[in-house]
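# Notes for the structure review
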Amino acid sequence: MKYDVIVIGSGFGGLACAQLLSKKGYHVLVLESHWQPGGCMQSYQRKGHAFDTGLHYVGGLGDGESLHDIFEQLGLLRLPWYRLDVDGADQITIEGNTYCLAQGFDHFVEVLATDFPQQREALRKYVDMLQGPDPDPSVNAWQWLNETFSDPLLIDVLSGSCLKTELRRESLPLFAFAHSQKSYIQSSWRLKGDSGLIVRSLVDDIKHMGGDVICRAKVVELVEQDGQIVAAKCENGERYEGRLFISDIHPAQTFALVKESKVLKKIFRTRMAMLENTYGMYTYSLVLKPDTLPYFNHNKFVYEGGSVWDEATEKVLLSCRVPENGSYYATLLDLMTPCSSHPMALAQKVIPGLRDMVSEEYVSTPHTWERFTNTPDGSAYGIRKDCRQPLLTMLSPRTPLGNLLLTGQNVMLHGLEGVAMTARQTTDYILNIGITR
């Protein structure tokens, strides 16, 4: 059987492309090396509890906001989304003092201006930037923030929710920083349930429309013929032929699958292999004793020992699962940090006595991510974007091989919004530039 489109990897980007193309009548196959689909969106089970891997909250699901239209296309607005606190979806604690990042651009300014009244005009300039045209990818985020704000503490507060990106003074583009912030200020949401709800919804849609999703199907070679990919060979000996191929895995891994090529030059392969990856994350998934911790409808970011932008600063994100039984008390709590040391002491700065509330603990490391999601270095945010080399680090979905396209967080932007944007760009290219079934 020859498929119209074969997708390698079943992360959110791959599944989104497969679902969108299936709706347009393409016969789609998704090949996944792991035993279950989802990539960094998958959840896992322990003693009756479902734990998330990469997703903890999303932004911009309101009508007219960043993710609304694409989530509507993907059928994901039907899932049980739960809006976070409007007055402070993200609460940033720096050296014991807490600041709230509110939802809604005007409200965001007013809430922060109560703590930083001299910076009101600068805050207005900041939200105007977020709502305006995309910044030039060559503009440095750290430099722009320091030219706009005169208070270093406020810069740290604004950057404090950025454990969902990698802060690097010398290289982070304002473009990437802005996209990691904008949608969450529009509106912030959690799922009432685990992230597997998203994966199952997309997979069910793909299958319902005649597509196939095959797990334990690790692709070991993309076969090139006359400058086109004609087939994907799997470790189990299966060979799948297709007209179009979309890779949702790391670009360096993708091009390494093309063993023999007349199109891919050695210098191109070397450049892809040398791209730097962002750091990985440690996640401590905690099961709480009954009736010990009241559910909190916001995220807590805690920093101590230096600037938010300093790699050595202690930092942790606390994210609480919405109680699915309607209880006042939380059952599951995640602690996330890029640091290798256990973040419990830092978490107890904002939840005193947390250690005694825990009945079970499960830990994932960058090595876990690398093993189960095939992510190089266990990278949390994919290829490191660099304002000094935007053309080298912010890739196009198109490749030198005309019928091989890229998608996922390694292409343009990381995070759910970035991956959704890239999936739409990848599929639009197929639909609008004359690649037919």
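Structure report, in brief. (Residues numbered from 1 in each chain as written. Predicted model: local features only at pLDDT ≥ 70, side-chain atom pairs only at ≥ 80, totals over all residues. Heavy atoms only, no water.)

### Here's the deal with helix H4 (residues 120-131)
- A rise of 1.5 Å per residue sets the reference length of H4, with its 12 residues, at 16 Å; its end C-alpha atoms lie 17 Å apart and thus fit the reference within 8%.
- Within H4, the full set of buried residues consists of Ala122, Leu123, Tyr126, Val127, Met129 and Leu130. Taken around the axis of H4, the buried residues stretch over an arc of 150°, which confines them to a single face.
- On the buried face of H4, the contacting elements are helix H3 (105-115), helix H5 (141-148), helix H6 (152-159) and helix H7 (174-186). (Helix = DSSP H or I, 4+ residues; strand = E, 2+ residues; numbered from the N terminus. Expected span 1.5 Å × (residues − 1). Buried < 20%, exposed > 50% of the residue type's maximum accessible area, 1.4 Å probe, protein only. Arc of directions from axis to C-beta. Contact = heavy atoms within 4.5 Å.)

### Structural notes on the packing of H3 against H4
- Between H3 and H4, whose axes approach to 10 Å, the crossing angle comes to 155°. Taken together, the axes of H3 and H4 are roughly antiparallel relative to one another. Regarding H3 and H4, the two cross each other, and that crossing is right-handed. Of H4, the residues touching H3 (which contributes Phe105, Asp106, Phe108, Val109, Glu110, Leu112 and Ala113) are Arg120, Leu123, Arg124, Tyr126, Val127, Leu130 and Gln131.
- Grouping the amino acids of the contact of H3 with H4 by side-chain chemistry returns nine nonpolar, one polar and four charged. (Axes fitted to C-alpha atoms, helices over the stretch in contact; angles between N-to-C directions. Parallel < 35°, antiparallel > 145°, perpendicular 65-115°, else oblique. Left-handed = near helix turned anticlockwise from the far one by under 90°. Nonpolar A, V, L, I, M, F, W, Y, C, P; charged D, E, K, R; others polar.)

### Topic: the nonpolar core
- Ranked by internal contacts, the top residues of the largest apolar core, which has 99 residues, are Tyr126, Phe149, Phe177, Leu222, Leu333, Leu335 and Leu354.
- A per-element tally of this core places H7 first, with seven residues.
- In this structure, Phe177 is in contact with Tyr126, Ala141, Leu145, Leu158, Ser159, Cys162, Leu167, Leu172 and Trp309, ignoring residues within four places of it in sequence.
- Within the second largest apolar cluster, 40 residues are counted, among which are Phe12, Cys17, Ala18 and Leu405. (Core = buried A, V, L, I, M, F, W, Y, C linked by side-chain atoms within 4.5 Å.)

### Some words on the sheet that holds strand E6 (residues 81-83)
- Across the sheet, which stays open at both edges, the three strands sit in the order E5-E9-E6 with antiparallel pairing between neighbours. The open sheet has two edge strands with one neighbour each: strand E5 (58-59) and E6. (Pairing = 2+ DSSP bridges.)

### Regarding the packing of helix H1 (residues 12-23) against helix H8 (residues 196-208)
- Interaxial distance between H1 and H8 falls to 9 Å at its minimum, and their mutual angle equals 30°. Where H1 crosses over H8, the two elements pack in a sense that is left-handed. Here H1 contributes Phe12, Leu15, Ala16, Ala18, Gln19 and Ser22 to the contact with H8, which in turn contributes Ile198, Val199, Leu202, Val203, Asp205 and Ile206.
- For the contact of H1 with H8, a count of residues per class yields nine nonpolar, two polar and one charged.

### What about the pairing of strand E7 (residues 90-94)?
- Taken across its five residues, E7 has five buried, putting it largely inside the fold.
- Neither face of E7 is open: one carries Asp90, Ile92 and Ile94, the other Gln91 and Thr93, and all of them are buried.
- Of the strand pairs in this sheet, E7 and strand E8 (residues 97-101) are connected by five bridges, and their pairing is antiparallel. Residue pairing across strands places Asp90 opposite Leu101, the latter belonging to E8.

### Re the side chain of Ser379
- As for its placement among the helices and strands, Ser379 is situated in the loop between helix H13 (366-373) and helix H14 (390-393).
- The class for Ser379 is buried, based on a relative accessible area of 1%.
- Side-chain polar atoms of Ser379 contact the backbone nitrogen of Gly382, separated by 2.9 Å.
- Contact partners of Ser379, with chain neighbours within four places excluded, come to Asn277, Thr278, Tyr279, Gly280, Trp369 and Gln409. (Polar contact = N/O pair within 3.5 Å; in protein donor to acceptor, adjacent residues only side chain to side chain.)

### Quick word on the sheet that holds strand E18 (residues 358-364)
- Strand order across the open sheet formed by seven strands is E8-E7-E15-E16-E17-E14-E18, with mixed pairing between neighbours. One side of each edge strand has no neighbouring strand; the edge strands of this open sheet are E8 and E18. The sheet shows a mean angle of 20° between the axes of neighbouring strands, direction not considered.
- Where strand E14 (residues 282-288) lies against E18, six bridges are found, and the strand directions are antiparallel. In the sheet register, Tyr284 faces E18, and the bridge partner there is Val363.

### Remarks on the pairing of strand E16 (residues 314-320)
- Burial runs high along E16: six of the seven residues are buried.
- Strand direction decides the pairing type here: strand E15 (residues 299-304) and E16, joined by five bridges, are antiparallel. Within the sheet, the bridge partner assigned to Lys300 lies in E16 and is Leu318.
- With four bridges joining them, E16 and strand E17 (residues 332-337) adopt antiparallel strand pairing. Directly across from Ser319, in E17, lies its bridge partner Asp334.

### Here we look at the environment of Glu32
- Positionally, Glu32 belongs in the loop between strand E2 (28-31) and strand E3 (43-46).
- Taking the relative accessible area as the measure of exposure, Glu32 reaches 7% and is therefore buried.
- On a C-alpha basis, the gap between Glu32 and Thr373 in space is 9.8 Å, while along the polypeptide they are 341 residues apart.
- A distance of 2.8 Å separates the side chain of Glu32 from the backbone nitrogen of His34, its partner in a polar contact.

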